[in-house]
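# A look at the structure
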Amino acid sequence: MLNPVISKESIQQAKRLIDKAQRIVLVAHVSPDGDAIGSSLALWHVLKQLGKQADVIVPNNYPGFLKWMDGVKDIVVAEWKDALAARMLHNAELIFCMDFNIPKRVQQLSGLLEKVPARKIMIDHHPQPANFCDVTISHPEMSSTSELLYRFINDIGLDGLINKSSAECLYAGMMTDTGAFSYNSNTPEIYYIISKLLEKGINKDIIYQKVYNHYSESRIRLEGYVLYKKMRIFEEYNAALITLSFEEQKKFQWKKGDTEGFVNIPLSIENICFSVFIREEEDIVKISLRSQGGFPANEFASDVYTGGGHLNAAGGEFSGSLDNAVRLFEEALPRYKEQLTIKN
Ligand code: 5GP
Ligand code: MN
């Protein structure tokens, strides 16, 4: 049995909105990750089984390591099908906001999301949710939106509609947001939920292989290059930095998802408790930040760049050159020196 997490009031309100709506759209955040796609598709499967007309919209494409998920081909990528995405949002009676809590996280769709007449339900686990939904189911203490969604589906009495496909999506979402259950995953109930998903017929070993063992040769060589040539250790601050220019990515035929997880690697060095990965895109610089223990990666992301996220996993953007993004990192470290001391 699971202890209740979501308030009864939210469950009742959400249930009423689902009952009343026929056209339902699920929207996930830009650069959707395993949790965003996993939770959206899992709920999509359940809603379709309920007889609803459901669609998943994401601002831009999802990474290749999620392509095996049942339903992924039906996802509307707004960047490619903007008119269709806009029409769906306009026509929706109910919109689920999955794995994000501020409209800005759906980028070009944010204006429309706030404007359209549909009622909105947020299901998310990031801190500090904005107030733009009719029902806000926001629990930062959850490992993932997928875990929270499992509880939600259970609470509204629809767990019988979780089939193997949705169970696979839920498991993949939980797995990817916890580094295959290596962080943020120390509560017994996570494993109770996994046991329930296994009962639905998922094969967790195969899901792991599909997500993590799908690399191209150039991706593996890129990892070698990055660790050998591009990783800098700031011993005094227990911190690590990896940078990657646009040119370097071209050289290794970079594609979406290829650098996923790079930021975590330096954390396996003894004493490193803060790791940052800065990647140059054509028109913007992307930053990924990870920490261990109490160091607030999200605070660093919002103070130094434009960004946010969780205590131990955050991200952000910088509109400037790669060199300047690095400079900001180097200048910020001394300000955080005290917090960067070893916490073990
Ligand atoms: P990643 O490093 O995997 O891109 O992002 C890690 C986490 O940081 C995400 O799950 C999300 O919570 C947060 N995040 C990533 N990029 C941004 C951003 O641009 N703005 C905000 N507010 N959060 C971000
Ligand atoms: Mn998530």
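Structure report, in brief.

What counts and what doesn't
Residues numbered from 1 in each chain as written. Chains lettered and ligands numbered in written order. Predicted model: local features only at pLDDT ≥ 70, side-chain atom pairs only at ≥ 80, totals over all residues. Heavy atoms only, no water. Pairing = 2+ DSSP bridges. Helix = DSSP H or I, 4+ residues; strand = E, 2+ residues; numbered from the N terminus. Contact = heavy atoms within 4.5 Å. Axes fitted to C-alpha atoms, helices over the stretch in contact; angles between N-to-C directions. Salt bridge = Lys/Arg side-chain N within 4 Å of Asp/Glu carboxyl O. Buried < 20%, exposed > 50% of the residue type's maximum accessible area, 1.4 Å probe, protein only. Near = heavy atom within 4 Å. Polar contact = N/O pair within 3.5 Å; in protein donor to acceptor, adjacent residues only side chain to side chain. Areas by Shrake-Rupley, 256 points an atom, 1.4 Å probe, with all protein chains shown as cover. Nonpolar A, V, L, I, M, F, W, Y, C, P; charged D, E, K, R; others polar. Phe/Tyr/Trp six-rings, centres within 6.5 Å; stacked < 30°, edge-to-face > 60°. Lys NZ or Arg CZ within 6 Å of the ring centre and 35° of its normal. Right-handed = clockwise from strand over helix to strand, strands pointing away. Core = buried A, V, L, I, M, F, W, Y, C linked by side-chain atoms within 4.5 Å.

What follows covers the sheet that holds strand β5 (residues 119-124). Within the open sheet, the 6 strands sit side by side as β3-β2-β1-β4-β5-β6. Their pairing is parallel. Each having just a single partner strand, β3 (76-77) and β6 (135-138) make up the two edges of the open sheet. In this sheet, strand β2 (residues 53-58) lies alongside strand β1 (residues 23-28) in parallel orientation, the contact comprising 5 bridges. Paired with I24 across the strands is A54, a residue of β2. Those strands touched by helix α2 (residues 34-49) are β1, β2, β4 (94-98) and β5, and its axis lies near 170 degrees from that of β2.

As a further point, take the pattern of salt bridges. Enumeration according to the criterion identifies 14 salt bridges in this entry. The shortest N-O distance in the salt bridge between R151 and E147 comes to 3.0 Å. Of this pair, R151 and E147 both sit in helix α5 (residues 145-155), 4 residues apart, which is roughly one turn of the helix. We classify R151 as buried; its relative accessible area is 4%.

This part is about the site of ligand 1. Around ligand 1 lies a shell formed by R105, H126, S288, R290, G307, G308, G309, H310, A313, A314, G315 and G316. For ligand 1, a nitrogen atom lies 3.2 Å from a polar atom in the backbone of G308. Relative to its unbound accessible area of 490 Å², ligand 1 is 76% covered by the protein chains. Elements with a minimum of two residues in the shell around ligand 1: β10 (285-291), β11 (306-309) and β12 (313-318). For the shell around ligand 1, the element with the highest residue contribution is β12, accounting for 4 residues. Tallied by class, residues from the shell around ligand 1 come to 2 nonpolar, 8 polar and 2 charged.

Turning next to the packing of aromatic side chains. Under the criterion given, the structure shown has 16 aromatic pairs. Ring centres of F234 and F329 lie 5.4 Å apart, and the angle between their planes is 70 degrees; this geometry places the pair in the edge-to-face category. Remark: F329 occurs in helix α12 (residues 322-332) and F234 occurs in strand β7 (residues 231-234); sequence separation between them is 95 residues. For the ring pair F274 and F300, a centre distance of 4.8 Å and an interplane angle of 65 degrees mean the geometry is edge-to-face. Separated by 26 residues along the polypeptide, F274 in strand β9 (residues 274-280) and F300 in helix α11 (residues 297-304) bring together distant segments of the chain. With a relative accessible area of 0%, F300 lands in the buried category. Clustering of aromatic rings is evident, with ring pairs tying together F234, F274, F295, F300, F329 and Y336. Sitting over the ring of Y215, R219 keeps its end group 3.8 Å from the ring centre. Just above the ring of Y225 sits the side chain of K251; from NZ or CZ to the centre is 5.5 Å.

Burial of α5 is extensive: 9 of the 11 residues sit out of reach of the surface. Those residues of α5 that fall on the buried side of the exposure criterion are T145, S146, E147, L148, L149, Y150, R151, F152 and I153.

Most of β1 sits out of view: 5 of its 6 residues are buried. Tracing the backbone out of β1, into α2 and back to the parallel element β2 gives a crossover that is right-handed. Where β1 meets β4, 5 bridges bridge the pair, whose relative direction is parallel. Following the sheet pairing, V27 is matched in β4 by C97.

Our focus in this paragraph is the nonpolar core. Membership of the largest hydrophobic core comes to 59 residues, with the highest contact counts inside it found for F96 and F152. Among the elements that make up this core, the one with the highest residue count is α2 (8 residues). Once residues lying within four places of it in the same chain are set aside, the contact partners of F152 are I6, I11, A14, I18, F96, I123 and I137. Listed in part, the 27 residues of the second largest apolar core include F234, L241, A301 and L340.

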